[in-house]
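A closer look at the structure
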Amino acid sequence: MAGGGKKEQSLATRLVTGGRSGDFAEHVVNPPVWRASTHLYPDCAALRDGVKTNEDGRFFYGRRGAPTQWALAEALTELEPGAQGTVLYPSGVAAIVAALLTVLRSGDVLLVADNAYDPTRNTAMGMLKRYGIEHRFFDPLDVEAYERAFCERTKAVMLESPGSLTMEVCDIPALTTIARHKGAVSLFDNTWATGLGFAALEHGCDITITSLTKHIGGHSDLMMGAASAGERWHRRLRQTAQQLGHVVSPDDAALALRGLRTMGVRLQHETTSALRIAQWLAERDEVAHVLCPMLPGAPGHEFWKRDFAGGCGLFSFVLKGRDDAARCSLIDALNLFGIGYSWGGFESLALPFDVDPVRSQMAWPKEGWGLEDRLGIRLSIGLEDTDDLIADLKQAFTAMDQG
Ligand SMILES: *Cc1c(COP(=O)(O)O)cnc(C)c1O
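Residues numbered from 1 in each chain as written. Predicted model: local features only at pLDDT ≥ 70, side-chain atom pairs only at ≥ 80, totals over all residues. Heavy atoms only, no water.

Structural notes on the overall build of the chain
The condition is simple: Only DSSP runs of H or I with at least four residues qualify as helices, and only runs of E with at least two residues qualify as strands; both kinds are numbered from the N terminus onward. Only C-alpha atoms enter the radius of gyration; for comparison, a globular chain is expected to reach 2.2 Å times N to the power 0.38, where N is the number of residues. Remark: exposure states derive from per-residue accessible area (1.4 Å probe, protein chains only) relative to the maximum for the residue type, with buried under 20%, exposed over 50%, and partly exposed in between. In what follows, a contact means two residues having at least one pair of non-hydrogen atoms within 4.5 Å. Accessible surface area values rest on a Shrake-Rupley calculation with a 1.4 Å probe, where residue burial reflects the displayed protein chains alone. Charged-residue counts in this description rest on Lys and Arg as positive and Asp and Glu as negative, His and the chain ends being excluded. Charge positions come from single atoms, namely NZ of Lys, CZ of Arg, CG of Asp or CD of Glu.
Regarding its fold elements, the chain presents 13 helices and twelve strands. Scaling as 2.2 N^0.38, a compact globule of 403 residues should have a C-alpha radius of gyration of about 22 Å, and the chain matches this with 22 Å. With the C-alpha coordinates aligned to their principal axes, the bounding extent of the chain is approximately 75 × 50 × 35 Å. A buried classification covers 55% of the 403 residues belonging to the chain. Here the analysis covers contacts within the chain between residues at least 6 apart in sequence; of these, 75% occur between residues at least 24 apart. Only carbon and sulfur atoms are counted for the fraction: they give 51% of the accessible area of the chain, which is about 17,700 Å². Across the chain, the mean location of the 40 positive side-chain charges is 7 Å away from that of the 50 negative side-chain charges.

This is how it looks when you write it as structure tokens:
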């Protein structure tokens with residue numbers, strides 16, 4: 001966008017103005033969808049010159065993107081205080097794996113938060129191991145044990161907060177300060193809050209990663225990921241992405257940009273709605289625990305309040321006792337909640353989860369909980385009316401009790 005003053009703009013405004021600086025901006029609001037593998041040069045001299053510059057905004061060849069992808073990357077960079085640039089990937093997992101491959105080499109050790117997204121754990125245990133990179137899982141709520149887990153070869157830390165499924169918010173500045181002190185790079189999966197809700201780089205993270213499939217897409221119809229960083233790591237992320245051949249389609253980039261524009265109001269609605277539903281669930285006899293970062297008393301709520309600027313509609317709860325059949329009858333009885341993976345779309349979803357296979361350091365049930373209280377359900381609250389969602393949950397609890 002023309003004109004200065006971007007620094008003073010709030011992030012909510014940047015959601016609207018971001019990425020609208022290309023040549024197209026004089027004529028239309030949104031960048032055209034540039035579908036192109038070949039970019040044409042006027043002559044051989046220009047073709048040879050083209051090789052010398054490798055940066056976003058310079059035409060070269062389709063794999064390095066075109067104005068649609070550049071506009072999205074620029075908009076995401078503007079949402080991330082401290083970022084120099086953003087690299088796009090065909091999925092959130094692709095972003096995580098490519099970022100890890102950027103910072104690690106054979107012989108290094110990676111520390112992985114025990115409540116990280118399951119595929120992140122699998123990459124550490126699978127592919128990275130095959131390439132000679134070791135990993136150790138740690139409990140992100142136990143800062144002393146985390147500090148002890150470092151060794152001379154520890155080169156990177158993979159963080160995620162709130163943790164997947166169990167939703168604990170950790171003390172990110174404490175963890176990233178220790179990592180920096182030990183000479184390790186901090187990577188952070190910011191899919192839950194996005195740059196709008198948590199300024200990862202300003203809290204000591206070196207690379208912040210987002211699955212755009214969730215809140216940015218926002219309509220359950222695209223897969224994409226992004227990694228943003230300051231100058232040093234952005235350059236290397238870009239290099240690795242190019243060597244891996246990562247590129248996203250311009251059509252999907254245009255969809256992601258469209259989603260981004262309304263993300264602020266969607267997240268605001270979801271946050272308010274989710275908190276009300278979380279409070280309602282906390283009062284139910286069938287519910288043992290509600291794991292919602294925005295809810296006072298939830299694990300790490302104090303860190304969320306201190307470090308985050310916003311929330312979203314994704315949280316979990318744990319049934320009091322019950323067996324899997326009861327849990328399934330509850331979920332199956334829901335009418336407004338779809339059953340499926342992913343989250344962050346305009347529609348609400350419910351998902352049963354079991355923690356045993358995806359944790360090695362953090363106890364489940366948590367300390368002080370009843371041993372029977374272990375069956376989790378994750379909800380992604382969408383844009384439906386809150387009272388309708390509560391009524392749906394209420395009738396499903398009745399169905400469970402009668403089943
Ligand atoms: C979904 C998700 C991802 C992966 O994103 P995809 O786009 O589905 O590959 C990464 N991290 C978190 C926390 C997620 O929930």
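Points about the packing of aromatic side chains
The test is simple: Here the aromatic set is Phe, Tyr and Trp, taking the six-membered ring for Trp, and pairing holds for ring centres within 6.5 Å; pairs whose planes are under 30 degrees apart are stacked, those over 60 apart are edge-to-face, and all others are tilted.
A full pass over the atoms with the stated rule returns eleven aromatic pairs. Residues Phe-138 and Tyr-146 carry aromatic rings whose centres are separated by 4.8 Å and whose planes lie at 50° to one another, so their mutual orientation is tilted. Judged by its relative accessible area of 3%, Phe-138 falls in the buried class. With a centroid separation of 5.1 Å and an interplanar angle of 70°, the aromatic rings of Trp-364 and Trp-369 are classed as edge-to-face. Among the residues examined, Trp-364 registers a relative accessible area of 10% and is labelled buried. By relative accessible area, Trp-369 is classed as buried at 16%.

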